[in-house]
Amino acid sequence: MSEVESISRTPAGDTRDLTMIEAINEALDIMLERDPDVILLGEDIGYFGGVFRATAGLQEKHGKTRVFDTPISECGIIGVAVGMGAYGLRPVPEIQFADYIYPGLDQLVSEAARLRYRSAAEFIAPMTVRTPFGGGIFGGQTHSQSPEALFTHVAGLKTVVPSTPYDAKGLLIAAIEDNDPVIFFEPKRIYNGPFDGYYDQPTRPWKGHPDAHVPEGHYTVSLGQARIVRAGDALTVLAYGTMVHVAEAVCRQKAVDAEIIDLRTLVPLDIEAIEKSVRKTGRCLIVHEATRTSGFGAELSALVTERCFYHLEAPVERVTGFDTPYPHSLEWAYFPGPVRVGEGIDKLLSE
Amino acid sequence: MKSASVESAAASAPSDKNSASEDSAGENFELRSLQDRFSESSRFDADSDYLLHLYEQMLLIRRFEEKAGQLYGLGLIGGFCHLYIGQEAVAVGLQSALQEGKDSVITGYRDHGHMLAYGIDPKIIMAELTGRQAGISHGKGGSMHMFSTEHAFYGGHGIVGAQVSLGGGLAFGHKYRGDGGICLAYFGDGAANQGQVYETFNMASLWNLPIVFVVENNEYAMGTAVKRSSAETEFYRRGTAFRIPGMKVNGMDVLEVRQAAEVAFAHVREGNGPVLMELNTYRYRGHSMSDPAKYRTREEVQNMRENSDPIEGAKAELIKMGIDEEKLKDIDKRIRAQVAEAADFAESSPLPDASELYTDVLVESY
Ligand SMILES: Cc1ncc(C[n+]2csc(CCOP(=O)(O)OP(=O)(O)O)c2C)c(N)n1
Ligand SMILES: [Mg+2]
């Protein structure tokens, strides 16, 4: 496959199929094992193992001083994690749903993101905030949001979104080892299977999916490197998280020779991979679940236009969530699924 | 003009506090004064008619929630759904002491019981659960987000603890307009650890706001038992640092709850500022519908059900008061029919039109 792909796949150890949850759990386990400074904290993550089971068994194995429950105090959870990081620890707080991160936003924006700059790197905040995000689980407005663009807008934070078990493990280890604060958004709809947006079809498990082959032991997927999911010439599709699978399914179904790029990290962004692809295809579709206005797609669109203007054969197209809160009812009318992605592709190709 | 008066209301608030209770800064300030008054007579003196009335309201909540659980199991309700079973006496006992149309109520996501205790039509509550156009929020809010202007019921909030600060604003509104109303702001034992709760305690006490903070202590926040999350597990004491008197109340006895409400509400209505009530209760079901409940034993739940159930307790008392058991059976039958009707309505009502997605985002459409 592409260069980008081959660089990132340098793991050691045997592989077996894991779900994304299992891959995340394993990454945390490995980092707890390797680095005594790694600490996990969050609501119901210890005793109970997390509402999505991401931390199941870890308290039992690593003890209550390293894997522990917190009160429902998001501002405090993130705040103490910043302090732990400044002291020299490597905390991995979990915010149970990304929708609950806002009480901690001040600590992330004013402290975590700024500590290095204002202390001229004397103090840093090496922390990884793990948080499930995105829709497709009937969560309504407080369990479905995709707030990634709020964080990409903050200088001093890194933003990561895996779309496969393999990447989830490698990116999470890289994030924990990274000396900057990282917001690690986990697309909860694909925790247990690669959901492709066809909600009326039976859900598929990760088992058997090529990207569910996860090596044992330690490996990293570097932050800032995109993955070419599928090489092609007709158009470039930029996606991350769940939408990678939706885009892939639609392109397969329509037999479109698209080049699908899974961004994997939004900040730092692999702009070279994007630029190279769009210069080749001349068409660019950007897909995300998050609301449209000031979404990360707007940034991508600007970058593509700035860097590839003379290579574009059609205006950059975006398929995104609507500019509304996430509804309780009508989830599938709301979710930017295969129909809307297909329309976006048709429009781009007809120009 | 308007903003000037907002300022003056805020500015005058602290002095109001001082004049309302002059020795509030001195040693005569007694945090337990309300608790003492309450323990002098801790049960509301209800005749059988009135207790029957409260009993019916509790039973409606119980049967409604049982039905919601069934509909969830059948896939008719999706997403998150938190049942109030076991806690009925809290909402019924407290809200029965409110002055409807004057006072306001705000709560978290476990809100069906609070809606029903206010006499809101079960049909439109159930239709909201199933996400239908006829639902109280047109299907866009769901189980956790329900509102009724008619009943001054300000929701229904999914973000743990957020409603407490909003309650402070509602109470400010009551005071500013001088409408004589008070605000009842419910939250859980878990929510009690959110920082904004204490910011609100301070402001409410500083500005002498007419608000009753109610901690529904059902012993768990999802899988976390109170003692594993809270340094101070006696929640009624948590207002002490802000000079808010606390009350500890058995939330499994509707008449005790009601009596405590009498004491607390009178204190607040008289202009003495906020009160913090801890209602000790218990939820029988899981946190939400997908809770494996491994954090507590079956025996613990069974013991509560058998020995402390608020509905069974009221029933036994009614029988002792001479109410015919047949009559109670008829009531149950009537309530079951009412709930079945609500479920039919919720199943047969149409989904909202897709255009509803774009309504009510802002005042103007865009
Ligand atoms: C800010 C925020 N953090 C976390 C959650 C997830 N959550 C929903 S309910 C809940 C437990 C709350 O427990 P408690 O306040 O005791 O209320 P109860 O469920 O017992 O009624 C948690 C952690 C949330 N909804 N909002
Ligand atoms: Mg609780």
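Definitions and limits used
- Residues numbered from 1 in each chain as written.
- Chains lettered and ligands numbered in written order.
- Predicted model: local features only at pLDDT ≥ 70, side-chain atom pairs only at ≥ 80, totals over all residues.
- Domains from an automatic or database assignment.
- Helix = DSSP H or I, 4+ residues; strand = E, 2+ residues; numbered from the N terminus.
- UniProt positions renumbered as here; feature names shortened; annotations may be inferred.
- Expected span 1.5 Å × (residues − 1).
- Buried ≥ 20, exposed ≤ 12 C-beta atoms within 10 Å, placed from the backbone.
- Contact = placed C-beta atoms within 7 Å.
- Pairing = 2+ DSSP bridges.
- Axes fitted to C-alpha atoms, helices over the stretch in contact; angles between N-to-C directions.
- Core = buried A, V, L, I, M, F, W, Y, C linked by C-beta atoms within 7 Å.
- Near = placed C-beta within 6 Å.
- Nonpolar A, V, L, I, M, F, W, Y, C, P; charged D, E, K, R; others polar.

K.L.:
I'm lost on the domain arrangement of chain A in this one. Help?
P.N.:
All names here are of chain A. According to the domain assignment, chain A consists of domain 1 (3-198 + 202-213) and domain 2 (217-350). A straight line from the C-alpha centre of domain 1 to that of domain 2 covers 23 Å. Those elements that provide at least two residues to the side of domain 1 that touches domain 2 are α1 (3-8), α2 (20-34), α7 (148-152), β6 (158-160), α8 (165-177) and β7 (182-187). For the side of domain 1 that touches domain 2, the leading source of residues is α8, giving seven residues.

K.L.:
Explain the UniProt feature "domain: Transketolase-like pyrimidine-binding" (unreviewed entry) in chain A here, please?
P.N.:
Residues given the UniProt feature "domain: Transketolase-like pyrimidine-binding" (unreviewed entry) here are residues 18-193 of chain A. Secondary structure within residues 18-193 of chain A divides into 36% helix and 16% strand; the distance between the first and last C-alpha atoms comes to 10 Å.

K.L.:
It is not clear to me how helix α13 (residues 325-348) of chain B should be interpreted in this structure. Could you clarify?
P.N.:
Given 3.6 residues per helical turn, the α-helix brings residues three or four places apart onto the same face. Residue and element names in this part refer to chain B. The end-to-end C-alpha distance of α13 is 35 Å, a good match for the 34 Å that 24 residues give at a rise of 1.5 Å each. Burial in α13 covers these residues: Val-339, Ala-342, Ala-343 and Ala-346. The inward-facing, buried residues of α13 contact α3 (48-73) and α6 (122-129).

K.L.:
How should the sheet that holds strand β14 (residues 317-321) of chain A be read in this particular structure?
P.N.:
The strands that make up a sheet are held in pairs by hydrogen bonds between backbone atoms, and each pair lies either parallel or antiparallel. Residue and element names in this part refer to chain A. Spatial strand order, β9-β11-β10-β13-β14: five strands in an open sheet with mixed pairing. At either end of the open sheet lies a strand with only one pairing partner, and these are β9 (227-230) and β14. Strand after strand, the sheet turns through a mean of 25° between neighbouring axes, direction not considered. As paired elements, strand β10 (residues 235-239) and strand β11 (residues 258-262) share five bridges and run parallel to each other. When the sheet's bridge partners are listed, Leu-235 is paired in β11 with Ala-258. Most of the contacts of helix α9 (residues 242-254) go to β11, to which it runs at about 170°, and overall it touches β9, β10, β11 and β13 (284-291).

K.L.:
Explain the nonpolar core here, please?
P.N.:
For soluble globular proteins, nonpolar side chains are generally found buried alongside one another. Residues A:Val237, A:Ala247, B:Val212, B:Ala264 and B:Met277 are the most contacted members of the largest nonpolar core, which totals 202 residues. Element by element, the count of residues in this core is highest for α3(B), at 10 residues. Residue-level mapping places this core at the junction of two domains, with at least three residues from each of domain 1 (3-198 + 202-213) and domain 2 (217-350) of chain A.

K.L.:
Just to check I follow, could you spell out the site of ligand 1 for this structure?
P.N.:
Lining the immediate environment of ligand 1, one finds 19 residues, of which B:Val160, B:Gly188, B:Gly190, B:Ala191 and B:Ala221 sit closest. A class-by-class count of the residues in the shell around ligand 1 yields nine nonpolar, six polar and four charged.

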